[in-house]
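Coordinate inspection notes
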Amino acid sequence: MHGILGLGLLAIGMAGLIALLIALVIAGFVLYIGAELAGIKKASLGKSIVAVVGGGILAGILFIIPVLGWILGIIAYIWVIKVVFDTDWLRATLAFLIAIVVEFIVLWLFRLLLGISLLAAL
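Below: a short report on this structure. (Residues numbered from 1 in each chain as written. Predicted model: local features only at pLDDT ≥ 70, side-chain atom pairs only at ≥ 80, totals over all residues. Heavy atoms only, no water.)

**Focus on the overall build of the chain**
- When helices and strands are tallied, the chain shows 5 helices and 0 strands.
- What you see for the chain is a C-alpha radius of gyration of 17 Å, clearly larger than the 14 Å of a compact globule of 122 residues, by over 25%.
- Each of the three principal axes of the chain carries a C-alpha extent, and together these read 60 × 35 × 30 Å.
- Counting every position in the chain, which comprises 122 residues, the buried fraction comes to 23%.
- Taking contacts inside the chain between residues at least 6 apart in sequence as the whole, the part at least 24 apart equals 46%. (Helix = DSSP H or I, 4+ residues; strand = E, 2+ residues; numbered from the N terminus. Rg over C-alpha atoms; globule rule 2.2 N^0.38 Å. Buried < 20%, exposed > 50% of the residue type's maximum accessible area, 1.4 Å probe, protein only. Contact = heavy atoms within 4.5 Å.)

**What to know about the packing of aromatic side chains**
- Inspection of every chain in the model, using the stated rule, returns 2 aromatic pairs.
- Between Phe-29 and Tyr-32 the ring centres are 6.4 Å apart and the planes differ by 35 degrees, which places this aromatic pair in the tilted class. Of the two residues, Phe-29 and Tyr-32 both sit in helix 1 (residues 2-37), 3 residues apart, roughly one turn of that helix.
- The interplanar angle of 50 degrees and the centroid separation of 5.6 Å between the aromatic rings of Tyr-77 and Phe-96 together place this pair among those described as tilted. Taken together, the residues Tyr-77 in helix 3 (residues 69-85) and Phe-96 in helix 4 (residues 89-114) connect sequence positions 19 residues apart. There is no split in this pair, since Tyr-77 and Phe-96 are both buried. (Phe/Tyr/Trp six-rings, centres within 6.5 Å; stacked < 30°, edge-to-face > 60°.)

**Digging into the pattern of salt bridges**
- Counted according to the given criterion, the structure contains 1 salt bridge.
- Taking the shortest distance from any N to any O, the salt bridge between Asp-86 and Lys-42 comes out at 3.0 Å. Of this pair, Asp-86 sits in the loop between helix 3 and helix 4 while Lys-42 sits in the loop between helix 1 and helix 2 (45-62), and the two are 44 residues apart along the sequence.
- A relative accessible area of 45% places Lys-42 in the partly exposed class. (Salt bridge = Lys/Arg side-chain N within 4 Å of Asp/Glu carboxyl O.)

**Considerations on the side chain of Thr-87**
- Within the secondary structure, Thr-87 sits in the loop between helix 3 and helix 4.
- Those residues in contact with Thr-87 that sit more than four places away from it in its chain are Ile-40, Ile-81, Lys-82 and Ala-92.

**Considerations on the environment of Ile-64**
- Checked against the element boundaries, Ile-64 lands in the loop between helix 2 and helix 3.
- For the pair Ile-64 and Ile-26, spaced 38 residues apart in sequence, the C-alpha separation works out to 25 Å.

**Looking at the environment of Ala-51**
- Structurally, Ala-51 can be placed in helix 2.
- Once the C-alpha coordinates of Ala-51 and Tyr-32 are considered, the two residues, 19 residues apart in sequence, prove to be 9.8 Å apart.
- Not counting the four nearest positions on each side in its chain, Ala-51 is found in contact with Leu-31, Gly-56, Tyr-77, Val-80, Ile-81 and Val-84.

So, to be careful, I would describe these as geometric facts and stop short of saying anything about function.
Below you can see the structure in the form of structure tokens.
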């Protein structure tokens with residue numbers, strides 16, 4: 001019985017890891033679209049995935065700070081985009097904002113195709 005339970009937990013863990021990797025690639029692709037539309041010359045999917053991971057970790061740490069944490073987290077995320085893509089603040093901010101808009105469009109399309117509410121898609 002213990003062996004079967006262990007295999008089940010391993011399967012759940014692997015499924016979670018695969019889902020995390022798929023979400024990371026999708027988020028990286030959305031940021032890549034934002035970077036391309038913002039006119040960032042050195043945009044690539046690999047750099048986008050690195051920016052998503054780095055920005056997510058840094059923003060997640062800063063979100064802990066009460067009141068100003070979310071503002072500092074957003075600024076930190078944009079800073080990571082700026083550094084990873086070797087661009088200026090304006091283009092990094094545009095890439096960030098365009099990625100948010102594209103993300104909502106993708107969520108809206110999923111909602112439309114699958115018939116689920118927007119909040120359930122988040």
